[in-house]
Amino acid sequence: MEDHAFAHLLGDFTDFHRIGGFIRRSLTWRLFGQEPVEETIAQVAATLQGWGYHPSNGAFGQFRTVLVQIMLINRSPLLEDMTTDALQRARESPALPSGARRGNLHGVHRAIAALGHAGPPPKPIHAVMPDLEGVPEPWAAMVERWHDTSTLTPKVRGGFRSIVAKAGR
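Residues numbered from 1 in each chain as written. Predicted model: local features only at pLDDT ≥ 70, side-chain atom pairs only at ≥ 80, totals over all residues. Heavy atoms only, no water.

**Focus: the overall build of the chain**
Step number 1: Scanning the chain from terminus to terminus reveals eight helices and zero strands.
Step number 2: Secondary structure of the chain in N-to-C order comes out as α-α-α-α-α-α-α-α.
Step number 3: Counted over contacts in the chain with a minimum sequence separation of 6, partners at least 24 positions apart contribute 62%.
Step number 4: Approximately 9800 Å² of the chain is accessible, and the part contributed by carbon and sulfur atoms is 56%. (Helix = DSSP H or I, 4+ residues; strand = E, 2+ residues; numbered from the N terminus. Contact = heavy atoms within 4.5 Å. Areas by Shrake-Rupley, 256 points an atom, 1.4 Å probe, with all protein chains shown as cover.)

Next comes the structure, spelled out in structure tokens:
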């Protein structure tokens, strides 16, 4: 009953950024139950681990924090409710912390898309890459093919793309 009352008190509230620091994961457990929250976290974490993210990495915890905040904004811990539209609402929400955590939304969105619940995330601004100038065509084609298929984050891919293109010159 306490959980129902707590959810009722929150009503349409989504301005989590206005209440200061709090443990988002604990709140999601109270609202939605620990099992569904942890099941969703486990599925997204397994996808991220499959791409090379390691649980001991600090960024991994930030991915989890972003995922939990998406649950709060979306009012559901279920992956099937994390549609492209729901993730766009989360992206636009001031309740999603800025900085590194907002950057991790791209990775979380990619994982949710890979699990079949949303379309791919919009390309980040830094993912728009300039043309490779002064690079022989076969080398440039190889660099672009690698860049388009790599599972590294867009920012890291862009950095490596530049370095490998310079080597081709």
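**Concerning the packing of helix H7 (residues 137–149) against helix H8 (residues 154–168)**
Step number 1: Contact geometry for H7 and H8: axes closest at 10 Å, N-to-C directions at 165°. One finds that H7 runs roughly antiparallel with respect to H8. For H7 against H8, the interelement crossing comes out right-handed. Contacts between H7 and H8 involve Trp139, Met142, Val143, Glu144, Trp146 and His147 from the former and Arg157, Gly158, Phe160, Arg161, Val164, Ala165, Ala167 and Gly168 from the latter.
Step number 2: Here the residues of the contact of H7 with H8 sort into eight nonpolar, three polar and three charged. (Axes fitted to C-alpha atoms, helices over the stretch in contact; angles between N-to-C directions. Parallel < 35°, antiparallel > 145°, perpendicular 65-115°, else oblique. Left-handed = near helix turned anticlockwise from the far one by under 90°. Nonpolar A, V, L, I, M, F, W, Y, C, P; charged D, E, K, R; others polar.)

**Topic: the side chain of Ser76**
Step number 1: Position of Ser76 relative to the elements: it lies in the loop between helix H4 (58–74) and helix H5 (84–92).
Step number 2: Look at Ser76 and you get buried, because its relative accessible area is 7%.
Step number 3: Ser76 has contacts with Phe32, Met71, Asp81 and Met82, leaving out every residue within four places of it along the chain. (Buried < 20%, exposed > 50% of the residue type's maximum accessible area, 1.4 Å probe, protein only.)

**As for the confidence of the model for the chain**
Caution applies to low-pLDDT regions: their predicted coordinates should not be interpreted in detail.
Step number 1: Scored by pLDDT, the chain has a mean of 82; 83% of the residues are at 70 or more.
Step number 2: Considering each helix and strand of the chain separately, the mean pLDDT is smallest for helix H1 (residues 2–10), with a value of 48, and largest for helix H3 (residues 34–50), with 94. (pLDDT = per-residue confidence, 0-100.)

**Some thoughts on the packing of helix H2 (residues 24–32) against H3**
Step number 1: The geometry of H2 relative to H3 is characterised by a closest axis approach of 7 Å and an angle of 125° between their N-to-C directions. Considered as vectors, H2 and H3 are oriented oblique to each other. Only Gln34, Pro36, Val37, Glu38 and Ile41 of H3 make contact with H2, whose side of the interface consists of Arg25, Thr28, Trp29 and Phe32.

**Some remarks on the pattern of salt bridges**
Step number 1: A complete count under the given rule lists two salt bridges for this structure.
Step number 2: For Glu38, the salt bridge goes to Arg25, with nearest N and O atoms at 2.7 Å. With a gap of 13 residues between them, Glu38 in helix H3 and Arg25 in helix H2 connect regions that are remote in the sequence.
Step number 3: For Arg25, a relative accessible area of 28% translates into the label partly exposed. (Salt bridge = Lys/Arg side-chain N within 4 Å of Asp/Glu carboxyl O.)

**With respect to the nonpolar core**
Step number 1: Core analysis: the biggest nonpolar cluster contains 29 residues, and Val44, Leu48, Leu67, Ile70, Met82, Val108 and Ile112 have the highest contact counts within it.
Step number 2: At the level of secondary structure, the elements contributing two or more residues to this core comprise H2, H3, H4, H5 and helix H6 (100–114).
Step number 3: With nine residues, the single largest contributor to this core is H4.
Step number 4: Those residues in contact with Val44 that lie beyond four places of it in its chain are Leu67, Leu79, Ala111, Ile112 and Leu115. (Core = buried A, V, L, I, M, F, W, Y, C linked by side-chain atoms within 4.5 Å.)

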